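One letter stands for each residue in the lines below.
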Amino acid sequence: MQRIVIIGSGQGGLQMAASLRQEKFEGSIVLIGEEPGLPYQRPPLSKAYMEDGNGAALALRSGSFFERSEITLLDGRRAVAIDRKAQEIALDDGRRTSYDHLILATGARNFLPPIPGITARGVMSLRTLTDAERLRSAIARASHAVVVGGGFIGLEFAAMARKSGLPVTVVEAAERLMARAVSPAMSRAFLEKHRAMGSNVRLNALAGAVLTDVEGRARGVSLADGTAIAGDLILIATGVRPNVELAAEAGLENANGIAVDGLLRTSDPAVSALGDVCSFPLGGVRVRLESVQAAVDHARHIAKVLVKGETAHYNALPWFWSDQADWKLQIAGLALDADEELAVSRESGAPLVLRFGAGRLLSAETVNDAGSHMAARNLIGTSKSLLESNNYNLRAVLKALKEASAVVA
Amino acid sequence: MKVKFIAHDGAETEIEVAEGESMMRAAVLNNIDGVIGECGGSMMCATCHCYVDDAWAGLTGSQNEGEPDLLDCAASEVKSTSRLSCQIKMRPELDGLVIHLPEAQR
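Note that this is a predicted model, so its numbers are computed, not measured.

Rules used throughout
Residues numbered from 1 in each chain as written. Chains lettered and ligands numbered in written order. Predicted model: local features only at pLDDT ≥ 70, side-chain atom pairs only at ≥ 80, totals over all residues. Heavy atoms only, no water. Pairing = 2+ DSSP bridges. Helix = DSSP H or I, 4+ residues; strand = E, 2+ residues; numbered from the N terminus. Axes fitted to C-alpha atoms, helices over the stretch in contact; angles between N-to-C directions. Buried < 20%, exposed > 50% of the residue type's maximum accessible area, 1.4 Å probe, protein only. Contact = heavy atoms within 4.5 Å. Buried area = accessible area lost by both parts, 1.4 Å probe. Salt bridge = Lys/Arg side-chain N within 4 Å of Asp/Glu carboxyl O. Polar contact = N/O pair within 3.5 Å; in protein donor to acceptor, adjacent residues only side chain to side chain. Nonpolar A, V, L, I, M, F, W, Y, C, P; charged D, E, K, R; others polar. Core = buried A, V, L, I, M, F, W, Y, C linked by side-chain atoms within 4.5 Å. Domains from an automatic or database assignment. Phe/Tyr/Trp six-rings, centres within 6.5 Å; stacked < 30°, edge-to-face > 60°. Expected span 1.5 Å × (residues − 1).

1. Digging into the sheet that holds strand 4 (residues 79-83) of chain A
Residue and element names in this part refer to chain A. Taken in spatial order, the 3 strands of this open sheet run 4-5-6, and their pairing is antiparallel. Each edge of the sheet is formed by a strand with only one pairing partner; in this case those strands are strand 4 and strand 6 (96-98). Direction aside, the axes of adjacent strands within the sheet are offset by 25° on average. Across 4 bridges, strand 4 lies against strand 5 (residues 88-91) in antiparallel orientation. Bridge pairing in strand 5 links A81 to A90.

Below, the structure is given as C-alpha cells:
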C-alpha cells in the first residue's frame, strides 16, 4: 500500500494521519479538509473557547508537524466524488487524486429543523470555529438567548451564556434533558442545576417557528402550543446528521451512517470510515456515536489494521463528557439495553447513576468524579451484586479486584 | 524555553515550549508518541501521565486537586514523581525541564 487518502480533517481524520505514522506507515498520506487552516479540537468551542476566545489554543498539531511527518494537508478543499473503480477522488478545484486505501472521516453536520424563520439573522448553530466566533460576539450584544435543544451543546452553551449574565431560555422537545445520552435521574439533576443557574428550562416544548421583526431579525421562538418566547440570539442545537452523501453516491452501504464491519471497513474493502459518520458493530449491535473517543479510537484501530494487519475487531469502551458550569459530567459505557437504573446517594452529594442490564453494569454517569469514572471504565460488565456489596463505591471495587488478581498472580 | 521528553525506550526529544503552554499540549502538538491527552486537558482521562525528572520535581510542584484520583487509574506504575502533564504549565524556571514518559497511557 503506497498512498492513503483521508477525507475529513476533524479530530478523527487528523488522528488517522498521526496514527498511520505512529504505526510506521511509510507511504504517502493526504488529508483533505473543508475548513481552512490547521485541524482543531471541537469540544472546547462550546466550553473554554466561549470564555477565552483563544482559537490558536485549539490546534491539534502544529503546522510543522505536517511537514515533519510528511502528511499533505489539503485544507479548504472539498472532495466531491469518489471513483471506486479507478480508486480516485475528485476535488472541488477539479483536481483528482488516487488512493490505495481511502478513509472517510466526513463527520456530521448540524441538523436545522425546517421551521419558519430558521434562516433569520440572529439564528445560529455551533459546530465550527467560525460558528463559535460568531456566537461569541453575539453573546456580547444579545439581550436574551433562546436555546432550542437541551442536549450537550445546547446546555453547555446555556451555562456559558448564564455565566456571562445573559438571560437564557432552553426549549427541549422531549420530556427530559440530554435524553439520548443520560439516565432520567441524571437528566433531573441537570435540570435542577440549570434552573439554579437561572436558565428558564421548558420541557415538552416543541419550537414551531422563529419569530422575526420587519427587518428579518430574530425576535424569539414560538412554541407549537402557541407560547412566544422573546430572544434576539437563537441557538439551534437539535442534533446532527452524518455526512454520508459522498459515500452514498459512490454506492457504499449506509445504515444510519456509512456501514462498516468490525475492522471498520465499508462495503468496499479499499475504503474505511471512522467517527461520527460511520455506524459500526459493537457488542452485537450497530451503533453510530458522536464523540471524540470513538473517532480517535477508530482511527487508531484502522491504522493497526492497515499497517500491522490487525485482525481483532474494534471493541473500545465508549465514553463521553460534557462541561456545564462547574459540573463535569462523564459517562462510561453504553446503556442501550438498560433495564435498571440506580441513583447512588453519596456523602459528597455528587450525582452518580449506574445503569444495569440483566444484573450487569452497562454504564456509569458521574459528576466531578473522574476517579469513579476511570474506575467504571474497568468495571463495565461487573455484576450488580459485587458493586452492591461495596456500597457502589466503584473505586473500592476496582481496588479490591486489583488486589485479588495480584494475589492470584 | 526547552523541555526534554524521554520515552520509555530511552528515546529523547527536545522541543520548544512557550510560556503558559501545558506539557501535555506541547507534547501532543509535537507528536510525541508517549503522551495522548485524550480529553484535551480537562482532567478527565489520565492519558498524559508523566514522571518529572528527580532533579526537577521540586520546581514543578506537587499534584493538583483531583490529580491523585486520576493517577490512581493510570495505565502505568504511579511513582512519587508522577504528574498529569496537562497540569504542568511552562514558566521560565522550568526552562530545560526533563520529563520521563511511562510505558503505556491506556
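Past the structure itself, the notes keep going.
2. A short note on unusual backbone geometry
Negative phi is the rule for most residues except glycine; trans is the rule for most peptide bonds. Residues and elements named next belong to chain A. Of note, N204 is a non-glycine position whose phi angle comes to about 50°, a positive value. The topology assignment puts N204 in the loop between strand 12 (200-202) and strand 13 (207-212). Phi at N391 takes a positive value of approximately 55°, unusual for a residue other than glycine. Within the element layout of this structure, N391 appears in the loop between helix 10 (384-389) and helix 11 (394-408). Judged by its relative accessible area of 65%, N391 is exposed.

3. Describing the interface of chain A and chain B
Listed by partner, the interface residues are 30 residues for chain A and 20 residues for chain B. Roughly 2000 Å² is buried in total at the junction of chain A and chain B, and carbon and sulfur atoms are behind 45% of that figure. In terms of surface lost to chain B, no three residues of chain A exceed Q22, M374 and R395 of chain A, which account for 22% of the buried area on that side. At the surface where chain A touches chain B, the tally comes to 4 salt bridges. The shortest N-O distance in the salt bridge between R395 of chain A and D72 of chain B comes to 3.0 Å. The interface formed by chain A and chain B holds 12 residue pairs in polar contact (both at pLDDT 80 or more) in total. Of all the elements, helix 9 (residues 370-377) of chain A adds the most residues to the side of chain A that touches chain B, at 6 residues. Per-class residue counts for the side of chain A that touches chain B are 14 nonpolar, 7 polar and 9 charged.

4. Some details on the sheet that holds strand 2 (residues 28-33) of chain A
Residue and element names in this part refer to chain A. Within the open sheet, the 5 strands sit side by side as 3-2-1-7-19. Their pairing is parallel. Edge positions in the sheet fall to strand 3 (71-75) and strand 19 (271-273), since each of these pairs with one other strand and no more. Within the sheet, the average angular offset between the axes of one strand and its neighbour, ignoring direction, is 15°. Here strand 2 pairs with strand 3 via 5 bridges, running parallel. Bridge pairing links I29 to I71 in strand 3. Its contacts with the sheet put helix 1 (residues 11-22) on strand 1 (3-7), strand 2, strand 3 and strand 7 (101-104), and the angle it makes with strand 2 is roughly 170°. Each of strand 1, strand 7 and strand 19 touches helix 8 (residues 292-308); the most contacted strand, strand 7, lies at about 175° to it.

5. Side note on the pattern of salt bridges
Per the counting criterion, the structure on display carries 32 salt bridges over all chains. Within the structure, one salt-bridge network assembled from shared partners comprises R77, D92, D93 and R95 of chain A.

6. A word on the nonpolar core
In globular proteins that are soluble, nonpolar side chains generally tend to be buried together. Core analysis: the biggest nonpolar cluster contains 93 residues, and I6, I89 and L104 of chain A have the highest contact counts within it. Beyond its immediate sequence surroundings of up to four residues, I89 of chain A is in contact with V5, I7, I32, A79, A81, I82, R95, R96, T97, Y99 and L102 of chain A. Core analysis: the second largest hydrophobic core is formed by 32 residues, M374 of chain A together with A27, L94 and I99 of chain B among them.

7. Description of the domain arrangement of chain A
If you check the domain split of chain A, you get domain 1 (3-109 + 241-308), domain 2 (123-238) and domain 3 (326-408). Summarising the inter-unit geometry, the C-alpha centres of domain 1 of chain A and domain 3 of chain A are found 33 Å apart.

8. Some details on the side chain of R355 of chain A
Residue and element names in this part refer to chain A. Structurally, R355 can be placed in strand 25 (residues 352-357). Accessibility expressed as a relative area gives 14% for R355, which makes it buried. R355 has contacts with V182, S183, P184, A335, A338, E340, E341, R360, L361, L362, S363 and E365, leaving out every residue within four places of it along the chain.

9. Description of the packing of aromatic side chains
Residues and elements named next belong to chain A. Tallied over the full model, the rule gives 4 aromatic pairs over all chains. Ring centres 5.1 Å apart and planes at 75° place the aromatic pair F65 and F66 in the edge-to-face group. For F65, a relative accessible area of 0% puts it in the buried group. Taking the centre distance of 5.0 Å and the plane angle of 85° together, the rings of F190 and W327 count as edge-to-face. Here F190, found in helix 6 (residues 184-196), pairs with W327, found in strand 23 (residues 327-332); they are 137 residues apart in sequence, far enough to count as distant. Classification of W327 by relative accessible area gives buried; the value is 17%.

10. What to know about helix 8 of chain A
Residue and element names in this part refer to chain A. Relative to the 24 Å expected for 17 residues at 1.5 Å per residue, helix 8 spans 24 Å between its end C-alpha atoms, a close match to the ideal helical length. Where burial is concerned, most of helix 8 is hidden: 14 out of the 17 residues are buried. Where helix 8 ends, the next residue or the one after it, G309, has phi of about 70°, a positive value.

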